[in-house]
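These are the residues of each chain, in order.
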Amino acid sequence: MKTRYSFGGDEHIFVEVDEEMSLEAFFKSLSMTTAVKESRIKGVTEICPANASFQIKFDPDVIAPDDMLAELKRLEGAADKAESSIKTRIVEIPVLYNDPWTHETLMRFRERHQDPKSTDIEYAARINNLDGVDGFVKAHSGAPWFVSMVGFVAGLPFLYQMVDRKRQIEVPKYLRPRTDTPKLTVGHGGCFGCIYSVRGAGGYQMFGITPMPIYDPKQEIKYLKDFMVFFRPGDIVKWKPIDRAEYDSAVADVEAGKFAPRMRDVTFSLDEFRRDIDGTNAKLMGVLYGN
Amino acid sequence: MAIKVINPGLSTTVQDLGRPGYYHLGIPLSGGMDRFALRAANLLVGNDEGAAVLEAVFMGPELQFASDAIVAVTGAELPPKVDGNVQPTWTAFKVKAGQTLGFDFLKSGARAYIAVQGGIDVPVVLGSRSTYTLGALGGHEGRKLAAGDALKVGGVAKAAKEGRSIPANLRRLPGNPAELRVVPGLYWHRITDAAGTGFFADTWKVAPEADRIGYRFKGGKPLEFVPRKQPFGAGSDPSNIVDACYPYGSIQVPGGTEPIVLHRDAVSGGGYFMVGTVISADMDLIGQLQPHTPAKFVKVDMKGALQARHDRQALLQKLRAAVN
C-alpha cells in the first residue's frame, strides 16, 4: 500500500490509500478520516471516506492547500499505528432474489449487457463458477458484507464481501449504464455490492430487491426518524433470502410503520478477522441472532 | 404572500447557496449552478445573498403574484415580462398583485435566477432550501415546480428599489468557446502524455446530456490509457478505478471518450477515473453553457487556480458595492 495525494482543483484533496481494494486499505482510510475529524483542522468542510481512498473538501481562503496537504501527511503516520478495530452495527437485510421488478428492468436493457441471453444473476453465477441461481444466492448470502463507502447517490452503501479474495464475487458493470434501476435494488459491480437507495441510472448487475427502505427524505419511517440515511461506513450487513410472501408482508409492515430491522451492536477487529475469517463471521452471526 | 405557478417552464427548482456537510453520505451540495448570478439577483431585491430563488433552465416559468413584489432576473439572458411587457434583466422591477411574470425566449446563457424580495420560503432541510431532485430532498416537495404549485414568499427584511441594476461589466457569462480552467490531477497518470496534450488542445462541445449532476462534453479525441493490470475491485475497463469520491468539478472520462464535469448535484463517488478538476472560480460558467456550445479545457496550476479564485472574490466585492 502506497498513499498517493492529489489536489482536486482548489477545494479538494484526494487521498488514495491503495490502488486495489482490501479491508486493510479501507481501515487505513477510515482511521485517517477519523483523525482529520478529531484534529478539527480549521477550513475543512467535508470529510468523505471511500473504499480504499478518501477526500477532504476545504476552504482555501481559511487554510492554504499546501498546509492542508501537510496536515494530512502528518496524520498519516498516526493512522498507520491505529488499532484496526471498530465499534459498529450488524444488520440483517432481507432480499427477494430474482424478483419481478429488477427482472423487468434488466430485460428492458438487455442490449447493454455482456450476455443478453441470460439474466444478470445467471450470468454472475456462471462467471463466478457457482452452481446456478441457487448456488449464487447461497454464496451471496452466506457470509456477511462490510459497508466500505456510502455515496454515489443519497445513502447508497457500497458493500465488500467478508470472505477470502478467491471466493469474492466479481462481475463487470453493464457495458453501458442503464437509465433506470428500481429503488432498493441489490446490485453488484467489480467486487462491490450495493443497494440502490433511490430509483435512477445505474451500471451494476441486478440480483434482487429488499423491502427495507434505507433512505427517507421525509423521515417518516421509524428507524430513519433521527436521520434520513440508514448506512454508515463500517456497518456490517447480512443478507437474508426471503420469498415473495415474506417480501409482501415486509412491505406491508413498512407501510404500516411496523417494520424494524434486526440490528445489533458489535465490535469488529480486522486482525481477528484476518486470523480466522470463518470463525469471526460465525461470531458475528452469533451476535446478530443471539445464539 | 403567495406565487402561483401557471406554467413551470422546462425545469425550474428552488435553490440557495447549498447544503454542505452531507457529501460523505451521497447528499451533494446542490444550490444554484451559477452562484454569482444567484447572489446578484438576491442583492438586487434586498435579500441576503444566499436567500432561496428560482433557477429556471432554458425556458422561464409563468408565475402569478398574489401581492406586490420586487423581482430581479439574472444569469442567462432570459427576458422577463410583466403581463406581457418586457423588463430588463439584471435589474430590479415591480410585479403588482394579480400580475403575471412570464418570459421571452432564451437569448444567451442557460440558467436564469429569479429572486423575489423576501426570498422563496420553502422548509429548510439539512440547513438549506435547495432542491436535490435525485434524492427528492429540499426545495418545493423535493422536485422541480409543476403547474398549480403555490410558493410562499418570506418576510421582507430590507427595502429594495425598483430600477436598481448591475452594470454590464459585472455580469459574468462564458465566452465562445467557453474556457474552463482545470487543475490536472487525481488519476491524470492513467492517460498517455499524447492523450493529455490532446485533452487540452482539442475543442469540445457541450453534449445534450448536461444537467445539475454533470455536464458531458463531446468531440475531442478519445484518451489513450497507459497499459496496466487492473487493480483488484476496480473492474475490467481501463477507465475503471476502485470506486472513490468525486470532487465537485472533477472530470471523469468513462471509456476514455466523453468527459463529464460533475456539478452542484454531483454523484459523490463512483468507479471512473478522473483527469483533473475544474477550478472553483469557473464552476458558475458551466451552469450557463447550452448544449452544442464549444468549450476548451485550459490547464492551470494551483497558483493559477487561487489567483482566479481571488479575482472572482474581487468581482463579488464590486457587485456588492454596486448595489449599495
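Residues numbered from 1 in each chain as written. Chains lettered and ligands numbered in written order. Predicted model: local features only at pLDDT ≥ 70, side-chain atom pairs only at ≥ 80, totals over all residues. Heavy atoms only, no water.

Labelled according to an unreviewed UniProt entry, chain B appears under the name Biotin-dependent carboxyltransferase family protein, originating from Dongia sedimenti.

Under the annotation held in an unreviewed UniProt entry, chain A carries the name Allophanate hydrolase subunit 1 and is attributed to Dongia sedimenti.

Colleague: Before we go on, may I ask you to explain helix α6 (residues 244–255) of chain A in this structure?
Modeller: What sets the pattern is the α-helix's 3.6 residues per turn: residues three or four places apart point alike. Residue and element names in this part refer to chain A. Helix length check: α6, at twelve residues, gives a terminal C-alpha distance of 16 Å against a target of 16 Å (1.5 Å per residue), a fit within 8%. Along α6, the positions that sit buried rather than exposed are Y247, A250 and V254. Within α6, the buried residues cover an arc of 65 degrees as seen down the axis, which keeps them to one side. With respect to the buried face of α6, the exposed residues turned more than 90 degrees away are A245 and E255. Elements in contact with the buried residues of α6: β5 (85–97), α3 (100–108) and β10 (205–209). One side-chain oxygen at the N-terminal end of α6 lies 3.2 Å from the backbone nitrogen of A245; it belongs to D243. G257 sits one or two positions beyond α6 and adopts a positive phi of about 75 degrees. (Helix = DSSP H or I, 4+ residues; strand = E, 2+ residues; numbered from the N terminus. Expected span 1.5 Å × (residues − 1). Buried < 20%, exposed > 50% of the residue type's maximum accessible area, 1.4 Å probe, protein only. Arc of directions from axis to C-beta. Contact = heavy atoms within 4.5 Å. Polar contact = N/O pair within 3.5 Å; in protein donor to acceptor, adjacent residues only side chain to side chain.)

Colleague: Could you clarify how one ought to interpret the UniProt feature "domain: Carboxyltransferase" (unreviewed entry) in chain B in this entry?
Modeller: UniProt feature "domain: Carboxyltransferase" (unreviewed entry): in the numbering of this structure it lies at residues 24–315 of chain B. In the segment residues 24–315 of chain B, helix accounts for 13% and strand for 30%; the C-alpha atoms at its two ends are 32 Å apart. (UniProt positions renumbered as here; feature names shortened; annotations may be inferred.)

Colleague: Help me understand the domain arrangement of chain A in this model?
Modeller: Many descriptions give the size of an interface as the accessible area lost when the pieces come together. Residues and elements named next belong to chain A. On domain assignment, one finds that chain A holds domain 1 (4–82) and domain 2 (87–289). Here domain 1 and domain 2 have C-alpha centroids that lie 28 Å from each other. Contacts between the two partners involve eleven residues from domain 1 and, on the opposite side, 15 residues from domain 2. Summed over both partners, the interface of domain 1 with domain 2 buries about 1100 Å², with 71% contributed by carbon and sulfur atoms. On the domain 1 side of the contact with domain 2, M21, L23 and N51 bury the most area, a combined 47% of that side's loss. On inspection of domain 1 and its partner domain 2, the count reaches two salt bridges. (Domains from an automatic or database assignment. Buried area = accessible area lost by both parts, 1.4 Å probe. Salt bridge = Lys/Arg side-chain N within 4 Å of Asp/Glu carboxyl O.)

Colleague: I would appreciate a short explanation of the UniProt feature "domain: Carboxyltransferase" (unreviewed entry) in chain A in the present structure.
Modeller: Cross-referencing UniProt, the feature "domain: Carboxyltransferase" (unreviewed entry) maps to residues 3–224 of chain A in the present numbering. Annotated as residues 3–224 of chain A, this span is 28% helix and 27% strand, and its ends, taken at the C-alpha atoms, are 36 Å apart.

Colleague: Sorry if this is basic, but what is going on with the packing of helix α1 (residues 23–39) of chain A against helix α2 (residues 65–81) of chain A here?
Modeller: Any two packed helices are characterised by how steeply their axes cross, that is the angle between the axes, and by the distance between the axes. All names here are of chain A. It is the contact of α1 with α2, at a shortest axis distance of 9 Å, that shows an interaxial angle of 125 degrees. One element, α1, and the other, α2, form an angle in the oblique class. The way α1 lies across α2 gives a crossing that is right-handed. Of the residues in α2, those in contact with K28, S31, M32, A35, V36 and S39 of α1 are L72, L75, E76, A79 and D80. By residue class, the composition of the contact of α1 with α2 is six nonpolar, two polar and three charged. (Axes fitted to C-alpha atoms, helices over the stretch in contact; angles between N-to-C directions. Parallel < 35°, antiparallel > 145°, perpendicular 65-115°, else oblique. Left-handed = near helix turned anticlockwise from the far one by under 90°. Nonpolar A, V, L, I, M, F, W, Y, C, P; charged D, E, K, R; others polar.)

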